[in-house]
Amino acid sequence: LLHCFMRNAEIKRIYLDNSLLVGWFLPYLQDVKNPQKPKIIEFCEKHSEIEVFISFFTIAELIEYLMFKDSRVKDYRRDKDSILDLVEALNETIKIKTITHKGKNELVGNFVLNDIIGFTAICSDVKDAVHVAIAKYENMYFVTHDKKATKLSTLYEKVLTDNKLY
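Now for a quick tour of the structure.

Scoring rules and cut-offs
Residues numbered from 1 in each chain as written. Predicted model: local features only at pLDDT ≥ 70, side-chain atom pairs only at ≥ 80, totals over all residues. Heavy atoms only, no water. Phe/Tyr/Trp six-rings, centres within 6.5 Å; stacked < 30°, edge-to-face > 60°. Helix = DSSP H or I, 4+ residues; strand = E, 2+ residues; numbered from the N terminus. Buried < 20%, exposed > 50% of the residue type's maximum accessible area, 1.4 Å probe, protein only. Pairing = 2+ DSSP bridges. Axes fitted to C-alpha atoms, helices over the stretch in contact; angles between N-to-C directions. Contact = heavy atoms within 4.5 Å. Core = buried A, V, L, I, M, F, W, Y, C linked by side-chain atoms within 4.5 Å.

## With respect to the packing of aromatic side chains
Counted by the stated rule, this structure contains three aromatic pairs. Taking 5.6 Å as the distance between ring centres and 40° as the angle between the ring planes, the aromatic pair formed by tyrosine 15 and phenylalanine 142 counts as tilted. On the criterion of sequence distance, the pair formed by tyrosine 15 in strand E1 (residues 13-16) and phenylalanine 142 in strand E4 (residues 141-144) is long-range, its members being 127 residues apart. Of the residues examined, tyrosine 15 reaches a relative accessible area of 0% and is grouped as buried. In textbook terms, an aromatic cluster arises when at least three aromatic residues are bridged by ring pairs, as seen for Trp24, Phe25 and Tyr28.

Quick look at the structure:
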């Protein structure tokens, strides 16, 4: 399926869900030597023509999961600074960009409010709804490993699971 999407050449910008990134962060927070790269990282390295994005919301979800929900993370690595250092390292690895919104008369985050209620009613997860609203606002593909997020493609056609990229 990767070849179908890449021949199409319409995928120029992707916004990654945190579910695709945990596999890159976790080995470092477990002190694993020579960790294997997740497929999404290999894909991004191979396809440097595609701009790759995350958001502050993605980073917050990574902090929530890695600090409080995954017991495999070493206790001394369960801190915000360790995770933010890894976000910077990830940026150096695949040139990932963080979406920010600043405007004179615009509340930060206001861009997602209009769609969140409808998106949440479809996918039953407010976190997925926020990610899709951000992707829609930015007119980019939202790529996730989460199968239920694909329900949102009925509201926003640029939602796909990672296995459609590889």
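## Notes on the sheet that holds strand E2 (residues 51-55)
The parallel open sheet is built from five strands, whose spatial order is E3-E2-E1-E4-E5. Strands at the two margins of the open sheet, each flanked by one partner only, are strand E3 (97-99) and strand E5 (159-161). Along the sheet, successive strands turn relative to each other by an average axial angle of 35°, direction set aside. Bridge count for E1 against E2 is three bridges, and the pairing is parallel. Paired with isoleucine 14 across the bridge in E2 is valine 52. Where helix H4 (residues 56-69) meets the sheet, its contacts fall on E1, E2 and E3, and the angle it forms with E2 comes to roughly 65°.

## With respect to the pairing of E2
Taking burial as the measure, the five residues of E2 include four buried ones, the bulk of the element. Pairing analysis gives three bridges linking E2 to E3, with the strands arranged parallel. Counterpart to serine 55 in the pairing with E3 is isoleucine 99.

## Some remarks on the nonpolar core
Ranked by size, the top nonpolar core spans 33 residues in total, and within it Ile14, Leu16, Phe25 and Leu66 carry the most contacts. At the level of elements, E1, helix H2 (18-29), helix H3 (39-46), E2, H4, helix H5 (80-94) and E4 are the ones that each hand at least two residues to this core. Looking at this core, the element that brings in the most residues is H2, giving seven residues. Apart from residues no more than four positions distant in its own chain, isoleucine 14 is found in contact with Phe43, Cys44, Ile50, Glu51, Val52, Phe53, Met140, Tyr141 and Val143. In terms of nonpolar packing, the next biggest core, distinct from the first, is built from 17 residues, Phe53, Ala129, Leu152 and Tyr156 among them.

## With respect to unusual backbone geometry
Glycine aside, a negative phi is what most residues show, and trans is what most peptide bonds show. Phi is positive for lysine 95, which is not a glycine, with a value near 55°. Its identity as a non-glycine residue notwithstanding, serine 124 has a phi of 65°, on the positive side. Note on serine 124: relative accessible area 61%, which makes it exposed.

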